[in-house]
Amino acid sequence: MIIISAIIEITPQLLRGLGITISVLLASAIIAYIVAFVAGLSRVSNNVILNKATGVYVEVFRGTSLIVQLFWLYYAIPMLFGIQLGSNWWTGVIAIGLNYGAYLSEVVRGSILAVDKGQTEAAIALNMSRYQRMRLIILPQAVRMMLPEFGNYTIQMMKATSLVSLIGMRDILYYGDIMRSTNLSQAPLIYVIVLFIYFILALPFIWLTRKGETIAKKGVVS
């Protein structure tokens, strides 16, 4: 009974940060998806400058820690260049979006390249332009192959939102840390509840990922 009463007391306090967690996830996911398609398509472009510049972005953001990128955007850029990215909410969203956009751009690139080359050859035989081939033949098949990985990375983005507590954002983990600092004896229970909340948040994305895997098996010529 003591544990149940503690759970009833702790959970509403943690859920005060739910709005921040969800808003950061949705905004950063939108940025990541847009960046992924722009960078992924640029990586298969015949424009050498665009291709190389995008490659540098992808390798930098994939090769460095998200925490370092978060601190760089929040502390270093304003101090070194006097550029303010806005509130800490925007800083967190941009950092997560650019980081996972780099990873997802490789998913986009790989899926495009995985489409059977016979499809491209058939489209050329039908006198389709490069734009028409990409829009009508390649992308519809590539997008299906992307769905499972997009789902997996969205789940990772959801978990990465916990890092925004490091720049003072009042998300779920922020309130968990506050409660733990005022009552160390309840720390294990607090973090178990935090863990459970994140798991519940992940369940819809896990289900969507499973659906994406089913869709990916259909409509792709092998």
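Each chain has its residues counted from 1, following the order in which its sequence is written. In keeping with the predicted nature of the model, local features appear solely for residues at pLDDT of at least 70, side-chain atom pairs appear and are counted solely at 80 or more, and the whole-chain, interface and lining totals rest on all residues. Water and hydrogen atoms play no part in the side-chain values, which are based on all heavy atoms of the structure.

Visitor: An account of the overall build of the protein is requested, with residue identities and associated values reported.
Guide: Within the protein one finds 9 helices and 0 strands. Numbered from the N terminus, helices here are DSSP runs of H or I no shorter than four residues, and strands are runs of E no shorter than two. When its helices and strands are written in sequence order, the protein yields α-α-α-α-α-α-α-α-α. Principal-axis analysis of the C-alpha atoms gives the protein an extent of 75 × 45 × 25 Å. Classification of residues uses two cut-offs on accessible area relative to the type maximum, computed with a 1.4 Å probe and protein chains only: under 20% is buried, over 50% is exposed, and between them is partly exposed. A burial count over the protein gives 40% of its 222 residues as buried. Restricting to contacts in the protein with at least 6 residues of sequence separation, those with at least 24 account for 77%. Here the Shrake-Rupley method, with its probe set to 1.4 Å, supplies the accessible areas, and only the displayed protein chains count as covering residues. Of the roughly 12300 Å² of accessible surface on the protein, a fraction of 68% belongs to carbon and sulfur atoms. His is not counted here, nor are the chain ends, while Lys and Arg score as positive and Asp and Glu score as negative. One atom stands in for each charge, and that atom is NZ of Lys, CZ of Arg, CG of Asp or CD of Glu. Distance between charge centroids for the protein: 6 Å, based on 17 positive and 9 negative side chains. Residues count as neighbours in contact if any of their non-hydrogen atoms are within 4.5 Å of one another.

Visitor: Before we move on, can you summarise the packing of helix α3 (residues 48-63) against helix α5 (residues 88-114) with the specific residues and values?
Guide: Geometry is summarised by axes, namely lines fitted to C-alpha atoms with helices restricted to the contacting stretch, and by angles between N-to-C directions that run from 0 to 180 degrees. Contact geometry for α3 and α5: axes closest at 8 Å, N-to-C directions at 120 degrees. By the criterion of interaxial angle, the relationship of α3 to α5 is oblique. Regarding α3 and α5, the two cross each other, and that crossing is left-handed. Seen from α3, the contacting residues are Y57, V58, F61 and R62; seen from α5, they are L98, N99, G101, A102, Y103, S105 and E106. In the scheme used here, Gly and all other residues not listed as nonpolar or charged are polar, with Ala, Val, Leu, Ile, Met, Phe, Trp, Tyr, Cys and Pro taken as nonpolar and Asp, Glu, Lys and Arg as charged. By residue class, the composition of the contact of α3 with α5 is 6 nonpolar, 3 polar and 2 charged. Oblique is the label for any angle not covered by the other classes, which are roughly parallel (under 35 degrees), roughly antiparallel (over 145) and roughly perpendicular (65 to 115). Note: crossing handedness is left-handed where the near helix turns anticlockwise from the far helix by less than a right angle, and right-handed where it turns clockwise.

Visitor: Mind laying out the packing of aromatic side chains, listing which residues take part and the relevant values?
Guide: To pair, rings of Phe, Tyr and Trp, with the six-membered ring standing in for Trp, must have centres within 6.5 Å; the planes then decide the type, stacked if under 30 degrees apart, edge-to-face if over 60, and tilted in the middle. Going through the model one piece at a time under the given rule, you end up with 10 aromatic pairs. Here the aromatic rings of Y103 and Y153 are separated by 5.9 Å at their centres, their planes lie at 25 degrees, and the arrangement is stacked. Placement of the pair is Y103 in helix α5 and Y153 in helix α7 (residues 130-160), with a sequence separation of 50 residues. In textbook terms, an aromatic cluster arises when at least three aromatic residues are bridged by ring pairs, as seen for Y33, F37 and F150.

Visitor: Give me the lowdown on the environment of S162, citing residues and values where you can.
Guide: Within the secondary structure, S162 sits in the loop between α7 and α8 (172-182). Since its relative accessible area comes to 15%, S162 is described here as buried. When the C-alpha atoms of S162 and G40 are compared, they prove to be 27 Å apart, with 122 residues separating the residues in sequence. S162 has contacts with D171, L173 and Y198, leaving out every residue within four places of it along the chain.

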